[in-house]
Amino acid sequence: LLIRLYKIDATGGLWDEDIYFQSGYNFIYNVEHHDFNPEKWAWNNEHPPVAKYIYGVGALISYHLPNNPDFRPRLNYQIPRIISSIENSLTATVILLISWEFLTPFIGVSAATIYALLPQTIAYSKAIDLGTPLALFATMALYFFFKSYKGGYKSIFLAAVFTGLT
(Lines give C-alpha, C1' and ligand atoms only; values in the text may rest on other atoms or scores of the structure.)
Protein backbone atom coordinates (compact mmCIF):
# COMPACT_ATOMS: atom_id res chain seq x y z
CA LEU A 1 0.00 0.00 0.00
CA LEU A 2 2.79 2.43 0.84
CA ILE A 3 4.36 2.12 -2.62
CA ARG A 4 0.98 3.05 -4.10
CA LEU A 5 0.46 6.05 -1.82
CA TYR A 6 3.93 7.46 -2.49
CA LYS A 7 3.57 10.56 -4.71
CA ILE A 8 -0.10 9.74 -5.36
CA ASP A 9 -0.69 13.25 -6.75
CA ALA A 10 2.43 13.37 -8.95
CA THR A 11 0.54 12.88 -12.22
CA GLY A 12 -1.93 15.69 -11.65
CA GLY A 13 -5.43 15.02 -12.94
CA LEU A 14 -5.90 12.49 -15.71
CA TRP A 15 -8.56 13.15 -18.34
CA ASP A 16 -10.89 10.27 -17.44
CA GLU A 17 -10.57 10.80 -13.68
CA ASP A 18 -12.70 13.93 -13.95
CA ILE A 19 -15.54 11.94 -15.53
CA TYR A 20 -15.46 9.16 -12.91
CA PHE A 21 -15.05 11.66 -10.05
CA GLN A 22 -17.95 13.84 -11.19
CA SER A 23 -20.30 10.99 -12.09
CA GLY A 24 -19.57 9.21 -8.80
CA TYR A 25 -20.14 12.41 -6.88
CA ASN A 26 -23.43 13.02 -8.70
CA PHE A 27 -24.65 9.46 -8.05
CA ILE A 28 -23.96 9.71 -4.30
CA TYR A 29 -25.41 13.24 -4.18
CA ASN A 30 -28.59 12.01 -5.90
CA VAL A 31 -28.99 9.15 -3.41
CA GLU A 32 -28.41 11.52 -0.49
CA HIS A 33 -31.07 13.89 -1.79
CA HIS A 34 -33.50 11.14 -2.90
CA ASP A 35 -33.40 12.41 -6.49
CA PHE A 36 -34.09 9.48 -8.82
CA ASN A 37 -34.88 11.50 -11.93
CA PRO A 38 -33.41 9.46 -14.86
CA GLU A 39 -31.78 12.57 -16.31
CA LYS A 40 -29.73 13.00 -13.14
CA TRP A 41 -28.42 9.44 -13.46
CA ALA A 42 -27.29 9.78 -17.09
CA TRP A 43 -23.66 10.56 -16.22
CA ASN A 44 -21.20 8.33 -18.08
CA ASN A 45 -23.73 5.63 -19.00
CA GLU A 46 -21.26 3.65 -21.09
CA HIS A 47 -19.49 2.31 -17.97
CA PRO A 48 -20.89 0.18 -15.14
CA PRO A 49 -21.81 2.22 -12.06
CA VAL A 50 -20.39 0.18 -9.15
CA ALA A 51 -16.88 1.68 -9.30
CA LYS A 52 -18.37 5.15 -9.67
CA TYR A 53 -20.44 4.60 -6.50
CA ILE A 54 -17.28 3.62 -4.63
CA TYR A 55 -15.32 6.60 -5.91
CA GLY A 56 -18.36 8.83 -5.39
CA VAL A 57 -18.10 8.38 -1.64
CA GLY A 58 -14.48 9.55 -1.86
CA ALA A 59 -15.50 12.43 -4.12
CA LEU A 60 -18.13 13.53 -1.61
CA ILE A 61 -15.50 13.61 1.13
CA SER A 62 -13.04 15.37 -1.20
CA TYR A 63 -15.40 18.28 -1.79
CA HIS A 64 -14.96 19.15 1.88
CA LEU A 65 -11.16 19.19 1.66
CA PRO A 66 -9.13 22.26 0.71
CA ASN A 67 -8.18 22.69 -2.93
CA ASN A 68 -5.09 20.80 -4.01
CA PRO A 69 -2.80 22.75 -6.38
CA ASP A 70 -2.15 19.53 -8.34
CA PHE A 71 -5.76 19.51 -9.54
CA ARG A 72 -8.38 21.95 -10.79
CA PRO A 73 -10.24 23.91 -8.10
CA ARG A 74 -12.85 21.83 -6.21
CA LEU A 75 -11.47 18.61 -7.68
CA ASN A 76 -9.29 17.04 -5.03
CA TYR A 77 -8.72 13.48 -6.22
CA GLN A 78 -6.76 12.32 -3.16
CA ILE A 79 -9.49 10.36 -1.34
CA PRO A 80 -10.73 8.44 -4.43
CA ARG A 81 -7.11 7.72 -5.36
CA ILE A 82 -6.45 6.37 -1.86
CA ILE A 83 -9.53 4.16 -2.29
CA SER A 84 -8.08 2.92 -5.59
CA SER A 85 -4.75 2.16 -3.90
CA ILE A 86 -6.49 0.19 -1.16
CA GLU A 87 -8.50 -1.78 -3.74
CA ASN A 88 -5.33 -2.61 -5.65
CA SER A 89 -3.53 -3.73 -2.49
CA LEU A 90 -6.51 -5.92 -1.60
CA THR A 91 -6.30 -7.49 -5.06
CA ALA A 92 -2.69 -8.48 -4.35
CA THR A 93 -3.85 -9.97 -1.05
CA VAL A 94 -6.56 -12.03 -2.76
CA ILE A 95 -4.01 -13.25 -5.34
CA LEU A 96 -1.88 -14.37 -2.39
CA LEU A 97 -4.86 -16.20 -0.84
CA ILE A 98 -5.81 -17.95 -4.09
CA SER A 99 -2.29 -19.10 -4.89
CA TRP A 100 -1.41 -20.01 -1.29
CA GLU A 101 -4.57 -22.01 -0.66
CA PHE A 102 -4.95 -23.75 -4.01
CA LEU A 103 -1.33 -24.05 -5.16
CA THR A 104 1.66 -23.54 -2.83
CA PRO A 105 2.76 -20.83 -0.40
CA PHE A 106 5.80 -20.10 -2.59
CA ILE A 107 3.60 -19.53 -5.65
CA GLY A 108 1.26 -17.40 -3.53
CA VAL A 109 3.99 -15.09 -2.32
CA SER A 110 5.60 -14.95 -5.77
CA ALA A 111 2.37 -14.19 -7.63
CA ALA A 112 1.26 -11.54 -5.14
CA THR A 113 4.68 -9.87 -5.15
CA ILE A 114 4.87 -9.80 -8.94
CA TYR A 115 1.37 -8.33 -9.18
CA ALA A 116 2.05 -5.79 -6.42
CA LEU A 117 5.26 -4.55 -8.05
CA LEU A 118 4.20 -4.43 -11.70
CA PRO A 119 4.57 -0.83 -12.90
CA GLN A 120 1.13 -0.97 -14.57
CA THR A 121 -0.67 -1.97 -11.38
CA ILE A 122 1.18 0.66 -9.37
CA ALA A 123 0.32 3.34 -11.95
CA TYR A 124 -3.36 2.40 -12.20
CA SER A 125 -3.71 2.19 -8.43
CA LYS A 126 -2.68 5.85 -8.23
CA ALA A 127 -5.59 6.93 -10.42
CA ILE A 128 -9.37 6.89 -10.27
CA ASP A 129 -9.73 3.99 -12.66
CA LEU A 130 -12.62 1.62 -13.30
CA GLY A 131 -10.29 -1.33 -13.81
CA THR A 132 -9.03 -1.35 -10.22
CA PRO A 133 -12.30 -2.36 -8.51
CA LEU A 134 -13.01 -4.68 -11.45
CA ALA A 135 -9.75 -6.55 -10.78
CA LEU A 136 -10.55 -6.78 -7.08
CA PHE A 137 -14.08 -8.09 -7.61
CA ALA A 138 -12.96 -10.55 -10.31
CA THR A 139 -10.21 -12.02 -8.11
CA MET A 140 -12.65 -12.21 -5.18
CA ALA A 141 -15.10 -14.06 -7.44
CA LEU A 142 -12.37 -16.52 -8.46
CA TYR A 143 -11.33 -17.06 -4.85
CA PHE A 144 -14.85 -17.93 -3.73
CA PHE A 145 -15.48 -20.00 -6.85
CA PHE A 146 -12.40 -22.11 -6.16
CA LYS A 147 -13.38 -22.33 -2.50
CA SER A 148 -16.83 -23.64 -3.49
CA TYR A 149 -15.16 -26.84 -4.72
CA LYS A 150 -14.45 -27.61 -1.07
CA GLY A 151 -18.20 -27.46 -0.45
CA GLY A 152 -20.77 -25.05 0.80
CA TYR A 153 -23.34 -22.82 -0.78
CA LYS A 154 -21.95 -19.73 0.92
CA SER A 155 -18.83 -19.70 -1.27
CA ILE A 156 -20.70 -20.14 -4.55
CA PHE A 157 -23.15 -17.42 -3.48
CA LEU A 158 -20.26 -15.04 -2.73
CA ALA A 159 -18.65 -15.93 -6.06
CA ALA A 160 -21.89 -14.97 -7.79
CA VAL A 161 -22.13 -11.70 -5.85
CA PHE A 162 -18.58 -10.66 -6.75
CA THR A 163 -19.11 -11.73 -10.37
CA GLY A 164 -22.15 -9.46 -10.44
CA LEU A 165 -20.09 -6.57 -9.09
CA THR A 166 -17.58 -6.84 -11.93
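Data block above holds the structure.
Residues numbered from 1 in each chain as written. Predicted model: local features only at pLDDT ≥ 70, side-chain atom pairs only at ≥ 80, totals over all residues. Heavy atoms only, no water.

### Comments concerning the overall build of the protein
Part 1 of the argument: For the protein, the count of helices and strands is 8 helices and 0 strands.
Part 2 of the argument: Secondary structure elements of the protein, listed N to C terminal, follow the sequence α-α-α-α-α-α-α-α.
Part 3 of the argument: Counting only residues that meet the buried cut, the protein has 43% of its 166 residues in that class.
Part 4 of the argument: Considering only intrachain contacts with a sequence separation of at least 6, the fraction spanning at least 24 residues in the protein is 69%.
Part 5 of the argument: When the accessible surface of the protein is totalled, it reaches about 9,500 Å², and 70% of it is carbon and sulfur. (Helix = DSSP H or I, 4+ residues; strand = E, 2+ residues; numbered from the N terminus. Buried < 20%, exposed > 50% of the residue type's maximum accessible area, 1.4 Å probe, protein only. Contact = heavy atoms within 4.5 Å. Areas by Shrake-Rupley, 256 points an atom, 1.4 Å probe, with all protein chains shown as cover.)

### A closer look at the packing of aromatic side chains
By convention here, two paired aromatic rings are described through the distance between centres and the angle between planes.
Part 1 of the argument: This structure, assessed with the given rule, holds 10 aromatic pairs.
Part 2 of the argument: Summarising the aromatic geometry, the rings of Phe102 and Phe146 are spaced 5.6 Å apart at their centres and angled 65° between planes, so their arrangement reads as edge-to-face. Highlighted residues: Phe102 in helix α4 (residues 78-102) and Phe146 in helix α7 (residues 131-148), separated in sequence by 44 residues.
Part 3 of the argument: Taken together through their ring pairs, the aromatic side chains of Phe102, Phe137, Tyr143, Phe144, Phe145, Phe146, Tyr149 and Phe162 make up a single cluster. (Phe/Tyr/Trp six-rings, centres within 6.5 Å; stacked < 30°, edge-to-face > 60°.)

### Looking at the packing of helix α3 (residues 50-62) against α4
Part 1 of the argument: In the contact formed by α3 and α4, the axes pass within 7 Å of each other and the chain directions differ by 145°. When you trace α3 past α4, the crossing you get is right-handed. Between α3, through Ile54, Tyr55, Gly58, Ala59, Ile61 and Ser62, and α4, the contact on the second element is made entirely by Ile79, Pro80, Ile83, Ser84 and Glu87.
Part 2 of the argument: Broken down by class, the residue content of the contact of α3 with α4 amounts to 7 nonpolar, 3 polar and 1 charged. (Axes fitted to C-alpha atoms, helices over the stretch in contact; angles between N-to-C directions. Left-handed = near helix turned anticlockwise from the far one by under 90°. Nonpolar A, V, L, I, M, F, W, Y, C, P; charged D, E, K, R; others polar.)

### Section: unusual backbone geometry
Part 1 of the argument: Phi at His34 takes a positive value of approximately 50°, unusual for a residue other than glycine.
Part 2 of the argument: Within the element layout of this structure, His34 appears in the loop between α2 (15-32) and α3.
Part 3 of the argument: By relative accessible area, His34 is classed as exposed at 64%.

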